[in-house]
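Residue strings, one per chain:
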Amino acid sequence: PYISGVILIPFFTSKLTTEDFGINALYFSIIYFIQIISTFGIETYIGIHYFEYKDNKQKLKENIGTAIISLFAIGAFIITILSIFGNNIFILVFHNASLVFWPWGFIILLTAIFNGFLRVYSSLLINQQRPERFFKINSWNFILVISFSLFFLYTYPFTLNGPMYGRLIPSIISFCTVLYYMLKEFGIKFNKEMISKIISFCTPFVIYSLLIWSISYIDRFIIVHYLIDPTFVGIFDFTIKCTLFIELFQTGLANTISPKIYSIWKENNISKSTPEVNRYYNGFTAVSLLIIPLFSLAFPYIIPLVIKNSLYYQSFIFFGILAIGFAFRGLFNMFLAPIFYFKKTKVLPKIYTIIAIFQITLTI
């Protein structure tokens with residue numbers, strides 16, 4: 001999912017104006033916001049609680065079936081509300097950002113909700129330690145996104161058709177694929193008692209995710225509010241997207257080691273770190289500290305080979321300072337894992353409220 005956006009950058013920068021590139025970045029920031037609301041943190045809940053119920057097939061089916069029904073209910077509610085009030089909300093909130101609800105806002109709404117199912121199932125596969133199916137489903141989605149994006153981009157150049165329909169159609173196909181696998185394996189078994197567990201676990205996580213979103217994406221809306229021209233958003237977003245190579249590497253590595261660590265805690269019935277657990281995080285940090293400087297040095301030479309619009313070269317001066325932040329991701333993951341595993345998610349909103357306040361204030 002990450003790398004499709006990176007591969008499409010050269011095509012987007014050549015077949016979209018810099019302004020449209022910025023507007024597209026704003027729309028896709030909204031996609032991630034809606035996805036947080038529509039999944040309601042169930043992707044984390046379903047992964048963590050898999051370990052709790054994996055030895056009880058009946059409870060596991062009830063747990064996952066209840067989660068699926070919850071996803072449908074939340075998605076239907078959001079679509080209904082925004083279909084009625086979405087246009088007024090966009091006018092009120094985004095009046096200076098060249099964003100409209102019909103049709104693009106509605107398209108990103110559907111894309112976010114359909115992709116939410118893929119996100120939830122991917123989390124389940126990670127914790128089931130089923131890399132083959134994870135790779136197959138996400139590779140299929142990747143191929144669809146690239147194919148449809150390029151088709152619409154070259155058929156309708158210098159419009160938003162390419163990035164919009166290039167995400168919507170694959171999200172619908174992936175949704176159908178994921179739903180088939182989940183229903184085949186777990187069926188639909190609803191247990192209303194688990195709703196309270198979902199709400200209790202996920203509510204702090206949703207607040208935490210929204211705070212993470214504000215740290216990661218609200219800067220684009222601050223930029224377009226104060227600088228008016230979406231072109232500045234395009235240049236800034238391009239810089240951030242270039243760091244996705246580091247993000248992709250670290251996310252994949254973290255997704256690989258987290259189930260191993262959870263298994264160690266589960267099998268040994270312990271609630272503390274061990275030398276074996278520490279080795280995973282030490283390795284994560286060591287490899288990251290090799291990748292980060294290589295990225296910072298190489299990109300200013302590589303980008304001109306594939307990006308011909310020199311406006312985007314303004315991003316070079318920011319690579320180093322953005323890359324430094326990734327050096328601390330190992331520590332971040334080390335403290336985050338026990339919060340999730342031991343279900344102490346209520347602490348997350350407190351931490352990230354402070355961070356978000358600093359982030360937004362400094363950005364302004």
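Further up the page is the structure itself.
A short tour of the structure in this document, coming up. Everything numeric here is computed off the predicted structure, so don't read it as measured data.

**Here's the deal with the layout of surface pockets**
Estimated volume of the second largest pocket: approximately 550 Å³. Forming the boundary of the second largest pocket are 24 residues, of which Ile 30, Phe 33, Ile 89, Val 93 and Phe 94 lie nearest the centre. Looking at the lining of the second largest pocket, the elements with two or more residues in it are helix H3 (18–39), helix H5 (57–93) and helix H9 (193–227). Class assignment for the residues of the lining of the second largest pocket results in 20 nonpolar, four polar and no charged.

**Quick look at a nonpolar patch on the surface**
A contiguous nonpolar surface patch, about 700 Å² in accessible area, is contributed by Phe 77, Ile 81, Ile 84, Phe 85, Ile 89, Leu 92 and Val 93. Among the secondary structure elements, Ile 81 is positioned in helix H5.

**Focus on the nonpolar core**
It is characteristic of soluble globular proteins that their nonpolar side chains tend to be buried jointly. Ranked by internal contacts, the top residues of the largest apolar core, which has 50 residues, are Ile 64, Tyr 121, Tyr 262 and Phe 340. The contact partners of Ile 64, leaving out residues within four places of it in the chain, are Ile 46, Leu 124, Met 182 and Phe 186. By size, the runner-up hydrophobic cluster in this structure holds 31 residues, among which are Leu 99, Phe 101, Trp 213 and Ile 223.

**Let's talk about H3**
Compared with an ideal rise of 1.5 Å per residue, which puts 22 residues at 32 Å, H3 spans 32 Å between its outermost C-alpha atoms and is within 8% of the ideal. For H3, the buried fraction is high: 18 of the 22 residues fall into the buried class. A positive backbone phi angle near 55° is found at Phe 40, which sits one or two residues after H3.

**Concerning the packing of helix H12 (residues 275–306) against helix H14 (residues 329–341)**
Contact pair H12 / H14: the axes reach a minimum separation of 8 Å and the direction vectors enclose 155°. On the basis of their axis angle, the class for H12 and H14 is roughly antiparallel. Pair H12 / H14 crosses with right-handed handedness. Touching Tyr 281, Phe 284 and Thr 285 of H12 are Arg 329, Gly 330, Asn 333, Met 334 and Ala 337, all from H14. Residues belonging to the contact of H12 with H14 are distributed by class as follows: four nonpolar, three polar and one charged.

**Let's talk about the packing of aromatic side chains**
The tally for this structure, following the rule as stated, stands at 40 aromatic pairs. Judged by centre distance (6.4 Å) and plane angle (10°), the rings of Tyr 121 and Tyr 181 are stacked. Of this pair, Tyr 121 sits in helix H6 (residues 101–128) while Tyr 181 sits in helix H8 (residues 161–186), and the two are 60 residues apart along the sequence. For the pair formed by Tyr 121 and Tyr 181, the shared burial category is buried.

**Digging into helix H13 (residues 319–326)**
Each full turn of the α-helix corresponds to 3.6 residues, which orients residues three or four apart in the same direction. Taken together, the buried positions of H13 are occupied by Phe 319, Ala 323 and Phe 326. Down the axis of H13, the sector holding all buried residues measures 35°, keeping them to one side. Exposed residues pointing more than 90 degrees away from the buried face of H13 are listed as Ile 321 and Ile 324. Close packing links the buried residues of H13 with helix H10 (230–242), helix H11 (244–268), H12 and H14.

Parameters at a glance
Residues numbered from 1 in each chain as written. Predicted model: local features only at pLDDT ≥ 70, side-chain atom pairs only at ≥ 80, totals over all residues. Heavy atoms only, no water. 1 Å grid on protein atoms, 1.4 Å probe; cavity = no way out; pocket = protein on both sides within 12 Å on 5 of 7 lines; lining within 4 Å. Points joined across faces, edges and corners; volume = space filled by probe spheres on them. Helix = DSSP H or I, 4+ residues; strand = E, 2+ residues; numbered from the N terminus. Nonpolar A, V, L, I, M, F, W, Y, C, P; charged D, E, K, R; others polar. Patch = residues over 30% accessible without salt bridge, like charges linked within 9 Å, V, L, I, M, F, W, Y side chains within 5 Å. Areas by Shrake-Rupley, 256 points an atom, 1.4 Å probe, with all protein chains shown as cover. Salt bridge = Lys/Arg side-chain N within 4 Å of Asp/Glu carboxyl O. Core = buried A, V, L, I, M, F, W, Y, C linked by side-chain atoms within 4.5 Å. Buried < 20%, exposed > 50% of the residue type's maximum accessible area, 1.4 Å probe, protein only. Contact = heavy atoms within 4.5 Å. Expected span 1.5 Å × (residues − 1). Axes fitted to C-alpha atoms, helices over the stretch in contact; angles between N-to-C directions. Parallel < 35°, antiparallel > 145°, perpendicular 65-115°, else oblique. Left-handed = near helix turned anticlockwise from the far one by under 90°. Phe/Tyr/Trp six-rings, centres within 6.5 Å; stacked < 30°, edge-to-face > 60°. Arc of directions from axis to C-beta.

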